[in-house]
Amino acid sequence: MISYKNLIVVSLFLGLFSSFAWGQRKVEPSPDLIVLKNIPYVTGGGYRQQLDIYLPKDYEKAKKPYPTIFAVHGGGWVRGNKDEYVFLSNWLVPKGYVVVITNYRLLDAAYFPAQLQDCKSAVRWLRAHAEQYKIDKKHIGVWGASAGGHLVALMGSTAGMKEFEVGEYLDQSSDIQAVCDLFGVVDLSVYASASSEATNEQKSSSRRRLIDPNHPNPKEAWTKASPMSYVKKDVVPIIILHGDEDELVPYEQSVMYDKALREAGANCLFITVKGGTHGGPEFEQPENMKPIEDFFDKHLKSK
């Protein structure tokens, strides 16, 4: 029996996967940036299928394209939006990146894999418009926290899987070159058994969770939604940060994921955030932010 099972079941049914703490306060974009808001990446998709692009003021004069950080918000797949992650643009655009922050369909609109399909659609859209925004097609990294961490981990491990490639710009690749996963859930297999153990009240509240409650094969669906299911040597390089006092997504999830990736021969860096909960000020400390910068620089800027 997995030690964190009871904790993760409680989190699932009480809806406690909250937004990343950095997103809980209002941050305005720096006046030194060009901000392009609410760009649809799906024709007629509405607000949940739009993205924002943050660019250096002189980007049009740039002699070469910029490596790009594509950010996916958290919120338990039921809440959150791209406006909560403006701090990333203020941090990373001055470091030589274009920052793109995306929305995706939440569970009131569609069950998994719609969320992953949306993220991949947005990356394809970016590549199709790369010249316009001076985006380096060959160097796109992804960043996500909590539910966003879950989705970016999947983006880094499901390259070429056609069931997750739907919609427009299918002539473009959705592959990415680096992943930063902050306390994302990676093993969802416990959720399948959780469904049978829950009370009727809990089952009712779980209907807005990730998998369609009427799915004909829920065990298979939860497996497909788990980054742990795609561990292999050629997973995209990944940096994982997780607080050892996280009460929502158990720290053991990332410990297990790191171990599996290393055993497979994948390129993985794992950082334990001492005293870190589910987000919080510990993640903003230089000793935890600098390794993310260095990781992206290594994999997105090096020749």
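What this report covers is the structure whose coordinates are included nearby.

The rules behind the values
Residues numbered from 1 in each chain as written. Predicted model: local features only at pLDDT ≥ 70, side-chain atom pairs only at ≥ 80, totals over all residues. Heavy atoms only, no water. Helix = DSSP H or I, 4+ residues; strand = E, 2+ residues; numbered from the N terminus. Expected span 1.5 Å × (residues − 1). Buried < 20%, exposed > 50% of the residue type's maximum accessible area, 1.4 Å probe, protein only. Axes fitted to C-alpha atoms, helices over the stretch in contact; angles between N-to-C directions. Left-handed = near helix turned anticlockwise from the far one by under 90°. Contact = heavy atoms within 4.5 Å. Nonpolar A, V, L, I, M, F, W, Y, C, P; charged D, E, K, R; others polar. Lys, Arg positive; Asp, Glu negative; His and termini not counted. Salt bridge = Lys/Arg side-chain N within 4 Å of Asp/Glu carboxyl O. Polar contact = N/O pair within 3.5 Å; in protein donor to acceptor, adjacent residues only side chain to side chain. Pairing = 2+ DSSP bridges. Phe/Tyr/Trp six-rings, centres within 6.5 Å; stacked < 30°, edge-to-face > 60°. Core = buried A, V, L, I, M, F, W, Y, C linked by side-chain atoms within 4.5 Å. Arc of directions from axis to C-beta.

### Description of helix α3 (residues 114–128)
1) Next: Taking 1.5 Å of rise per residue, 15 residues should cover 21 Å, and α3 covers 21 Å from first to last C-alpha, within 8% of that figure.
2) Next: Across the 15 residues that make up α3, a large majority, 14, are buried.

### Overview of the packing of α3 against helix α5 (residues 147–155)
1) Next: Between α3 and α5, the shortest axis-to-axis distance is 10 Å and the interhelical angle comes to 65 degrees. Between α3 and α5 lies a crossing whose hand is right-handed. Contacts between α3 and α5 pair Gln115, Leu116, Cys119, Lys120 and Val123 from the former with Leu151, Leu154 and Met155 from the latter.
2) Next: Partitioning the contact of α3 with α5 into residue classes produces six nonpolar, one polar and one charged.

### Observations regarding the side chain of Asp181
1) Next: Summarising the element assignment, Asp181 is placed in strand β6 (residues 178–182).
2) Next: For the buried Asp181, no salt bridge is present, and the opposite-charge side chain at shortest range is Arg262, 13 Å distant.
3) Next: There is a polar contact of 3.0 Å between the side chain of Asp181 and the backbone nitrogen of Gly184.
4) Next: In contact with Asp181, not counting residues within four places along its chain, are Gly144, Gly149, Val152, Ala153, Val186, Ile238, Ile239, Ile240, Leu241 and Tyr257.

### Examining the sheet that holds β6
1) Next: Reading across the sheet, the eight strands line up as β1-β2-β4-β3-β5-β6-β7-β8 and stay open at both edges, with mixed pairing between neighbours. At either end of the open sheet lies a strand with only one pairing partner, and these are β1 (33–40) and β8 (268–273). Between one strand and the next, the sheet's axes are offset by a mean angle of 15 degrees, whatever the strand orientation.
2) Next: Relative to strand β2 (residues 50–56), β1 runs antiparallel, the two sharing six bridges. Looking at the pairing, Leu36 lines up with Ile53 of β2.
3) Next: Relative to the sheet, α3 contacts β1, β2, β3 (66–72), β4 (98–102) and β5 (135–145), its axis offset from that of β3 by approximately 160 degrees.
4) Next: Of the strands in this sheet, β3, β5 and β6 touch α5, which is tilted by about 140 degrees from β5.

### Side note on the packing of aromatic side chains
1) Next: Inspection of every chain in the model, using the stated rule, returns eight aromatic pairs.
2) Next: Aromatic side chains Phe87 and Trp143 sit 5.9 Å apart centroid to centroid with 75 degrees between the ring planes, which places their arrangement in the edge-to-face category. Of this pair, Phe87 sits in helix α2 (residues 87–92) while Trp143 sits in strand β5, placing them 56 residues apart in sequence.
3) Next: Judged by its relative accessible area of 13%, Phe87 is buried.
4) Next: Taken together, the aromatic side chains of Tyr85, Phe87 and Trp143 make up a single cluster linked through ring pairs.

### Let's talk about the nonpolar core
1) Next: In terms of nonpolar packing, the biggest core is built from 60 residues, with Ile53, Phe70, Met155 and Leu210 touching the most fellow members.
2) Next: Once residues lying within four places of it in the same chain are set aside, the contact partners of Ile53 are Ile34, Val35, Leu36, Ile39, Val98, Val99, Val100, Trp125 and Tyr133.
3) Next: Of all hydrophobic cores here, the second largest spans 30 residues; its members include Ala71, Phe87, Leu182 and Leu241.

### Points about the pattern of salt bridges
1) Next: A full pass over the atoms with the stated rule returns 13 salt bridges.
2) Next: Where Glu165 meets Arg124, a salt bridge forms, and the shortest distance between an N and an O atom there is 2.7 Å. Within this pair, whereas Glu165 is found in the loop between α5 and β6, its partner Arg124 is found in helix α3, the two being separated by 41 residues in sequence.
3) Next: Judged by relative accessible area, Glu165 falls into the buried class, the value being 18%.
4) Next: Through salt bridges with shared partners, a single ionic network connects Lys37, Asp52, Lys82 and Asp83.

### Quick look at helix α9 (residues 251–264)
1) Next: The terminal C-alpha atoms of α9 lie 21 Å apart, and with 14 residues this matches the ideal 20 Å at 1.5 Å per residue to within 8%.
2) Next: For α9, the complete set of buried residues consists of Gln253, Ser254, Tyr257, Asp258, Ala260 and Leu261. Taken around the axis of α9, the buried residues stretch over an arc of 165 degrees, which confines them to a single face.
3) Next: Just beyond α9, the residue with positive phi is Gly265, at close to 90 degrees.

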